[in-house]
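# Observations on chain architecture
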Amino acid sequence: MSFPWAQQYVPTSPFMRWMDEKLPLPRLIHGAVGPGFPVPRNLSYFWNFGVLAGVCLVIQILTGVILAMHFAPNAAIAFDSTEHIMRDVNWGWLLRYAHANGASAFFVVVYIHIFRGLFYGSYKAPREMIWLLGVVIYLLMMATGFMGYVLPWGQMSFWGAKVITGLFSAIPIVGTPLQQWLLGGFAPDNAALNRFFSLHFLLPFVIAGVVILHIWALHIPGSSNPTGVAVKQESDTVPFHPYYTAKDGFGLGIFLLVYCAFVFFMPNALGHPDNYIPANPLSTPAHIVPEWYYWPFYAILRAFTSDLVIPFTHIVLVPAKLLGVMAMFSAILLMFFLPWLDTSPVRSGHYRPLFKKFFFFGLIPCVLVLGYCGGAPAAEPFVMISQVAAIYYFAHFLIILPLVSSFERPDPLPFSITEAVLGHDGRARLAPMAAAATTPDAAGIAPAHPA
Amino acid sequence: MTRILGILVGLFFCFALSVSLFKGVYAAATDPAAPTAESVFHKHPRELSLASDGAFGRFDKRQLQRGFQVYKEVCSACHSLRLVAFRDLKALGYNDDEVKAIAKGFQVPGLDPATGEVNTRPGLATDYFPKPFANDIAARAANNNAVPPDLSLMTKAREDGQSYVYSLLTGFQPQPAALLKQFPDAKTPPNLHYNPYFPNLNLAMAPPLTAEGQVGYKDGTKATVDQMAQDVAAFLVWTAEPKLDKRKQTGWPVLGFLLFATVLAYLSKKQIWAGKHDAGEASAM
């Protein structure tokens, strides 16, 4: 599937013709990331982060597979085998720091990727499936990252595992048996460490599989773009190669510079010192915090401090812990419903004056504040601040977004991508066509081409 | 339908959060958290700068050797260094014979080759630093019910690693009169020692570095308490991250190569996009 003007793959040498008949892999590459994939010509650098996330996944799998050759998933020696990697394995310190910081880099990149999608309405029709698959990838990443953090079996590994699996115990009736079943015991121990290692090895390949579906689904409608206006004509697009391979190459260089600066010069900046203390079930750390990429959700979890009771009685309807767990999972799962919560026909936040204000002055500060509070000790004023921020978080996605999309009057959209890029030249050239398309449908959510 | 359900769910969470917030504000207003001795008298570590700091920093091997001497003659009486092997000391500038001699000076657990009985033998270069106590129970019994922690990773296992170690070692002092005046119940218990850099202000470890010249430095450096504390902190930075020099040495060529490659990538991107009016960023942002 592609636009009618996409360049067709024509094998030139006899070998490539033979290959094309037997296994058309070069044809697939040509159409997926080659000259055969027309892409809007106006993508900003925010559109680099999908490719960068793919690179992060590859870095994690490569370093992870080699680390697994030296790591011992046994509670008695896991901590020491990690230090063995750091001290005695050739370049082991590089592998481990590349992997640990690679996880952070992966989340940084994915968060930018997600917020780009949130601002430019990339989740809207016809791209809902890409978005849904993306949320699945994000959930898998969170599970994989959590289990990876448990493996070195330091204090934060152990107590993080205890707290996170403890969340399941909030579920009525089945909670505690479920937690024990997940852990393979009453507390994190060898059984838990072993299965976490097994799943931590498996899930990245599941992620890779869903990534393929994500990219496949992307190639049906093609990439969105900063104007949100659908592709209408050949002049709206450029072939992926060489235009976006070149642009992604530059973006990759910048990304690797920042990533390597962390790996080589501040590899522990994003870690917690307590994880250099071997796990000790008898000594609880003063503050148990997960890795930074979970902090906003951890803050939401801890923001629910009082039970919901029937007024004037002591009958508890929903205990605070269960509320927190429900809210934390809802905070992520509501992303699945975004395409149907935000019904504005205009995709790009650039042309949505009200949405834009809520996005930049509401959502972004709210998530940053939640992140900060999630990493801070569970004490005042952080709990109150995270309560206010969590109220905004739910209000933004579940109340403000549906209402704004009903009441907002969007700014006028450019007629086409070409016009947005080339201005008057393009406008003059396309004037006869502009007269034919004046409905908001044509400007906003019309299919890329009537195929 | 999705939107109505969404709004209802949103209202539910916002209501539950408002209840929590209201109760929190009410509690804070009626019953504000009282200060504790820890919250008032705990001090942030004093900054310790070492040769190994910064992107260009390298270990000062002479300082590491002095720090090792402090560990060997003072700390090793109670603290293990279980992740470090004698062979690793070559990184401090000792040659093979010196390392063997150092190892020989330690008794490590062994087996009698004739009877198979557990005994001790002089260390070899391949051995790890032996533990001062057979087990945690023995360690507790000898140390006022506290287990002296292993020091291998100490500077990575505490906030402000090196500064914390340095401050703790030089921070022992009599309990301030102001503390007892404000918190009469917070008197340092017998056998514990007041130190404002320790999280709960009182620790079981007695001041280990007490007198100038406690360790006789061979390189002529004056062994003040402050100097010894700095040196052993530097040594513990090395034990926690023995590959630190190599990491930074590798980092610069890597960054240099990437910078070069990024400039090339930028130039080729610019050339490829020339004439395409790449106004995407300008129009979108």
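Residues numbered from 1 in each chain as written. Chains lettered and ligands numbered in written order. Predicted model: local features only at pLDDT ≥ 70, side-chain atom pairs only at ≥ 80, totals over all residues.

### Thoughts on helix α12 (residues 320–333) of chain A
The test is simple: Only DSSP runs of H or I with at least four residues qualify as helices, and only runs of E with at least two residues qualify as strands; both kinds are numbered from the N terminus onward. Expected span of a helix: the number of residues minus one, times 1.5 Å. Three exposure classes are used, all based on how many other C-beta atoms lie within 10 Å of a residue's own C-beta (placed from the backbone): buried at 20 or more, exposed at 12 or fewer, and partly exposed between those limits. What counts as a contact is two residues whose backbone-derived C-beta atoms lie within 7 Å of each other.
A rise of 1.5 Å per residue sets the reference length of α12(A), with its 14 residues, at 20 Å; its end C-alpha atoms lie 20 Å apart and thus fit the reference within 8%. L322(A), L323(A), G324(A), V325(A), M326(A), A327(A), M328(A) and A331(A) are the residues of α12(A) that are buried. On its buried face, α12(A) sits against α11 (295–303), β3 (308–309), β4 (316–318) and α15 (382–407) of chain A together with α1 (2–30) of chain B.

### Focus on the interface of chain B and chain A
On the chain A side, the residues contacting the 54 residues of chain B number 58 residues. Looking at the side of chain B that touches chain A element by element, the count peaks at 19 residues for α1(B).

### So, the nonpolar core
For clarity, the cut-off: To define a nonpolar core, we join buried Ala, Val, Leu, Ile, Met, Phe, Trp, Tyr and Cys residues through C-beta atoms within 7 Å and take the resulting set. Throughout, the edges of the domains are those of an automatic or database domain assignment.
In terms of nonpolar packing, the biggest core is built from 112 residues, with F106(A), V109(A), I300(A), L370(A), A390(A) and Y393(A) touching the most fellow members. When residues are assigned to domains, this core turns out to be shared by domain 1 (33–281) and domain 2 (308–411) of chain A, each giving three or more. Each residue touching I300(A), except ones within four places of it in the same chain, is listed here: A327(A), M328(A), A331(A), L370(A), A390(A) and Y393(A). Ranked by size, the runner-up nonpolar core spans 42 residues in total, among them L151(B), Y166(B), L201(B) and M228(B).

### So, unusual backbone geometry
Excluding glycine, most residues fall at negative phi; most peptide bonds, likewise, are trans. The amide bond that connects A125(A) to the next residue, P126(A), takes the cis arrangement and shows omega of 5°. Residue E380(A) is joined to P381(A) through a cis peptide bond whose omega torsion reads 5°. Checked against the element boundaries, P381(A) lands in the loop between α14 (353–375) and α15. Here the phi dihedral of N191(B) falls at roughly 75°; this positive angle occurs in a residue that is not glycine. When you line up the elements, N191(B) lands in the loop between α7 (177–182) and β3 (193–194). The class of N191(B) is exposed, set by 12 C-beta atoms lying within 10 Å.

### Some remarks on the pairing of strand β1 (residues 107–111) of chain B
All names here are of chain B. Just so we agree on the cut-off: We call two strands paired when DSSP finds no fewer than two bridges between them.
A small share of β1 lies buried, amounting to zero of its five residues. Sheet analysis places β1 next to strand β2 (residues 118–122), joined by five bridges and oriented antiparallel. Across the sheet, residue L111 finds its bridge partner in β2, namely V118.

### As for the environment of I220(A)
Relative to the elements of secondary structure, I220(A) occurs in the loop between α9 (190–218) and β2 (237–239). Sequence separation between I220(A) and S2(A) is 218 residues; the distance between their C-alpha atoms is 6.8 Å.

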